[in-house]
Amino acid sequence: MERTGEVPVTMDLTKIARATHATLRAYQRGADLVERHADICSGELVFRGTRVPVTQVVEQFRAGVPVAEIAEDYPQLSAQALHYAELRARMGKTPGRTAKPLKIQRPAVAVLPVP
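Residues numbered from 1 in each chain as written. Predicted model: local features only at pLDDT ≥ 70, side-chain atom pairs only at ≥ 80, totals over all residues. Heavy atoms only, no water.

### Here's the deal with a nonpolar patch on the surface
Link 1 in the chain: Taken together, the side chains of Val9, Met11, Leu13 and Ile16 make up a nonpolar region of the molecular surface, amounting to roughly 480 Å² of accessible area.
Link 2 in the chain: Of note, Leu13 is situated in the segment before α1 (14-31).
Link 3 in the chain: For Leu13, a relative accessible area of 48% translates into the label partly exposed. (Patch = residues over 30% accessible without salt bridge, like charges linked within 9 Å, V, L, I, M, F, W, Y side chains within 5 Å. Areas by Shrake-Rupley, 256 points an atom, 1.4 Å probe, with all protein chains shown as cover. Salt bridge = Lys/Arg side-chain N within 4 Å of Asp/Glu carboxyl O. Helix = DSSP H or I, 4+ residues; strand = E, 2+ residues; numbered from the N terminus. Buried < 20%, exposed > 50% of the residue type's maximum accessible area, 1.4 Å probe, protein only.)

### Structural notes on the pattern of salt bridges
Link 1 in the chain: Under the definition given, this model contains 2 salt bridges.
Link 2 in the chain: Here Glu35 ties to Arg48 by a salt bridge, and the two come within 3.2 Å at their closest N and O atoms. Here the residue Glu35 occupies a position in strand β1 (residues 34-35), and Arg48 occupies one in the loop between β2 (46-47) and α2 (54-62), the gap between them amounting to 13 residues.
Link 3 in the chain: Owing to a relative accessible area of 48%, Arg48 belongs among the partly exposed residues under this scheme.
Link 4 in the chain: A salt bridge links Arg62 to Glu59; the shortest N-O distance between them is 2.7 Å. Placement of both Arg62 and Glu59 in helix α2 is noted, with a separation of 3 residues, approximately one turn of the helix.

### Structural notes on helix α4 (residues 79-91)
Link 1 in the chain: The terminal C-alpha atoms of α4 lie 19 Å apart, and with 13 residues this matches the ideal 18 Å at 1.5 Å per residue to within 8%.
Link 2 in the chain: By the burial criterion, the buried members of α4 are Ala81, Leu82, Tyr84, Ala85, Leu87 and Ala89.
Link 3 in the chain: Looking at the packing, one finds that the buried side of α4 touches α1, β1, β2, α2 and α3 (67-73).
Link 4 in the chain: Phi for Gly92, located one or two positions after α4, is positive at around 90°. (Expected span 1.5 Å × (residues − 1). Contact = heavy atoms within 4.5 Å.)

Fair warning: the whole summary comes from geometry, so function is off the table for now.
Given below as structure tokens:
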């Protein structure tokens, strides 16, 4: 049933779609700027070619530290890398438990008397 006199409502989502697409592209390009190696910062995700942990920069953005101040603290990071960290900060924390540090337990060594 259609009411007479009603005007159909149309919404133009072009701007939102373009902005979302641009943000997604920036995030995908930024993912190429990070790496993980067991011998660098214990396998933590770092920005490629540095020893700067991604989580450290992301947490600074979440704490409200201005971009200019973070850029000053980490001059080795490009504007694209900072933008990637900012996007990750806006995404929120991943659900689930936080990872616990690895504990290596060694078996007790028996000390034998010297003859």
